[in-house]
Amino acid sequence: MSTSRFGLVLDRVFLEHRNPPGHPERPERLETLLGRLNDLGEAEPKALRVEPVGVEEELLHKVHSQRLVAQVRGTTGKAQTMIDPDTHAGGESFETACLAAGSGVRLVELVASDRIRGGFLLARPPGHHAETDRAMGFCLFNNIAVAAQWAIDHGAARKVAIVDFDVHHGNGTQEIFWKRDDVLYISSHQFPLYPG
């Protein structure tokens, strides 16, 4: 039985990923959305709230190297780790990144089983810059790549189209699927922002 509702993942757990003070990718981005959603209340909800779930590490390894997963896991419990000048991880970032990636998969599962019509993941850390072997551009794991891989592996789709609308090009998603014919990646991004 199909539904007309959309699934929405938006949870305070995604505030746990911490960047240094003044970093443009910060918890306040989601705090504003959480506050607005609470203001709306639950009268005739048009969206189904979906609880965040973690990702299976085996699935992470289908789009990311063991080295990258180990690097991000290695930040657990540390106050702050600089991965590159733009990309940082705090003590809770590995777990939070696993929840972001797993929640994208959960939305695809719900769409595939006709429990929701579509889904929207509002999570941090973001993902489209993370490459196979490199966290970058604020991104630790590539959430959409993980979800697309799950869809193909579990027969939810033979082919996947990813349409990325952001001011920056999603180089990580492109790199992960560059040599694959089962994923089409389209990016709409703003000149002269990344990649310039």
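Being a predicted model, the structure only gives us computed values, none of them experimental.

What should I look at first to understand the sheet that holds strand β2 (residues 47-49) in this one?
Read across the sheet, three strands follow the order β2-β1-β5 without closing on themselves; strand pairing throughout is parallel. Looking at strand neighbours, the two that pair on one side only are β2 and β5 (118-121), the edges of this open sheet. Strand-to-strand twist of the sheet, defined as the mean angle between neighbouring strand axes without regard to direction, takes the value 25°.

Where do I start with the packing of aromatic side chains in this structure?
Each aromatic ring pair is specified by the distance between its two centres and by the angle formed by the two planes. Taken as a whole and assessed by the stated rule, the structure comprises one aromatic pair. Between Phe-94 and Phe-141 the ring centres are 6.2 Å apart and the planes differ by 80°, which places this aromatic pair in the edge-to-face class. Remark: Phe-141 occurs in the loop between β5 and α5 (143-153) and Phe-94 occurs in helix α4 (residues 93-112); sequence separation between them is 47 residues. Across the pair, Phe-141 and Phe-94 agree in class, each one buried.

For this particular structure, what's the right way to read α4?
The periodicity of an α-helix, 3.6 residues per turn, causes residues three or four places apart in sequence to face the same way. If you check α4, its first and last C-alpha atoms are 29 Å apart, about what 20 residues at 1.5 Å a residue would give, namely 28 Å. In terms of burial, α4 is largely enclosed, as 14 of its 20 residues are buried. Once α4 finishes, Asp-114 follows within two positions and takes phi at roughly 60°, a positive value.

Which parts of the structure should I look at to understand a nonpolar patch on the surface?
On the surface, a cluster of nonpolar side chains totalling about 270 Å² of accessible area is made up of Val-163, Leu-184 and Ile-186. As for its position among the elements, Leu-184 is in strand β7 (residues 183-188). Its relative accessible area of 49% is what places Leu-184 among the partly exposed residues.

What is the right way to look at the pairing of strand β1 (residues 6-9) in this model?
Every regular strand shows the same layout, with side chains that alternate between the two sheet faces. Summarising the sheet, β1 and β2 pair through three bridges and their orientation is parallel. Paired with Gly-7 across the bridge in β2 is Leu-48. Pairing between β1 and β5: four bridges, direction parallel. When the sheet's bridge partners are listed, Gly-7 is paired in β5 with Gly-119.

It is not clear to me how α5 should be interpreted in this structure. Could you clarify?
The buried fraction of α5 amounts to nine of the eleven residues, a majority that puts the element mostly inside the structure. Those residues of α5 that sit buried are Asn-143, Ala-145, Val-146, Ala-147, Ala-148, Gln-149, Trp-150, Ala-151 and Ile-152. Tucked inside the fold, the buried residues of α5 contact α2 (57-63), α4, β5, β6 (160-165), α6 (171-177) and β7.

Even after reading the chapter, I still don't get the side chain of Asp-164, so can you show me in this structure?
Topologically, Asp-164 is positioned in strand β6. Buried charge without a salt bridge: Asp-164, with Arg-29 as the nearest opposite-charge side chain at an N-O distance of 11 Å.

Criteria and thresholds
- Each chain carries its own residue numbering, running from 1 in the written order of its sequence.
- For a predicted model such as this one, the threshold for reporting local features is a pLDDT of at least 70, and the threshold for listing and counting side-chain atom pairs is 80 or more; totals across whole chains, interfaces and linings nevertheless cover every residue.
- To obtain the side-chain values, all non-hydrogen atoms of the structure were used and water was disregarded.
- Each pair of strands is called paired provided DSSP finds at least two bridges between the two strands.
- Labels follow the DSSP assignment, with helices taken as runs of H or I lasting at least four residues and strands as runs of E lasting at least two, numbered in each case from the N terminus.
- Angles shown run from 0 to 180 degrees and are taken between the N-to-C directions of axes, each axis being a line fitted to C-alpha atoms and, for helices, limited to the stretch in contact.
- Note on ring pairs: Phe, Tyr and Trp rings are taken, using the six-membered ring of Trp, and paired if centres are within 6.5 Å. Classes follow the plane angle, with under 30 degrees stacked, over 60 edge-to-face and the rest tilted.
- Categorising residues by exposure relies on relative accessible area from a 1.4 Å probe, with only protein chains included: less than 20% of the type maximum marks a residue as buried, more than 50% marks it as exposed, and the intermediate range marks it as partly exposed.
- Working rule for helices: expected span equals 1.5 Å times residues minus one.
- The patch calculation keeps residues exceeding 30% relative accessible area without a salt bridge and links them within 9 Å when they carry like charges or within 5 Å when they are nonpolar (Val, Leu, Ile, Met, Phe, Trp, Tyr).
- Note that accessible areas follow from Shrake-Rupley with a 1.4 Å probe, and for residues the cover is restricted to the protein chains shown.
- In what follows, salt bridge is the name for a side-chain nitrogen of Lys or Arg lying within 4 Å of a carboxyl oxygen of Asp or Glu.
- Residue contacts follow a heavy-atom distance rule, with two residues in contact if any of their heavy atoms lie within 4.5 Å.
- Neither His nor the chain ends is counted toward charge; the positive residues are Lys and Arg and the negative residues Asp and Glu.

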